[in-house]
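So you can see what is in the structure, the chains are spelled out below.
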Amino acid sequence: MQASQLVSVVITTYNRSDTLLMVLAGLALQTDKNFEVIVADDGSLDVHRDAILQSEVAHRLRITHVWHPDVGFTASSI
């Protein structure tokens, strides 16, 4: 892969701030920083979103948080 190519890492989540923060911490340790993280949120509570976006590890990554309403298990739609 060429060094100028951006990679998108998509992570689905639902109200599990603890595990998502561990995944983000692992991504923050990567030596190749040419990637973005898209957190695809399947209707989590605001407290989950806030815990992620306000975390120290999130400030070291390019994160886009996308959310849709909780209408059952629709992770594949997000």
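Everything that follows concerns the structure shown earlier in this document.
Read on for an overview of the structure. Since the model is a prediction, treat every value here as computed from it, not as a measurement.

Cut-offs used in this document
Residues numbered from 1 in each chain as written. Predicted model: local features only at pLDDT ≥ 70, side-chain atom pairs only at ≥ 80, totals over all residues. Heavy atoms only, no water. Helix = DSSP H or I, 4+ residues; strand = E, 2+ residues; numbered from the N terminus. Buried < 20%, exposed > 50% of the residue type's maximum accessible area, 1.4 Å probe, protein only. Contact = heavy atoms within 4.5 Å. Salt bridge = Lys/Arg side-chain N within 4 Å of Asp/Glu carboxyl O.

## Structural notes on the overall build of the chain
Okay, step 1: Each helix and strand in the chain was counted, giving two helices and three strands.
Okay, step 2: When the helices and strands of the chain are listed from N to C terminus, the series reads β-α-β-α-β.
Okay, step 3: Across the 78 residues of the chain, 31% fall into the buried class.
Okay, step 4: Partitioning the contacts of the chain with sequence separation of at least 6, the portion at a separation of at least 24 is 79%.

## Brief notes about the pattern of salt bridges
Okay, step 1: Within the structure shown, the criterion is met by four salt bridges.
Okay, step 2: Here Arg16 ties to Asp18 by a salt bridge, and the two come within 3.0 Å at their closest N and O atoms.
Okay, step 3: Note on Arg16: relative accessible area 43%, which makes it partly exposed.
Okay, step 4: Residue classification places Asp18 among the partly exposed residues on the basis of a relative accessible area of 43%.
Okay, step 5: A salt bridge links Asp46 to Arg49, with the nearest nitrogen and oxygen atoms 3.2 Å apart.

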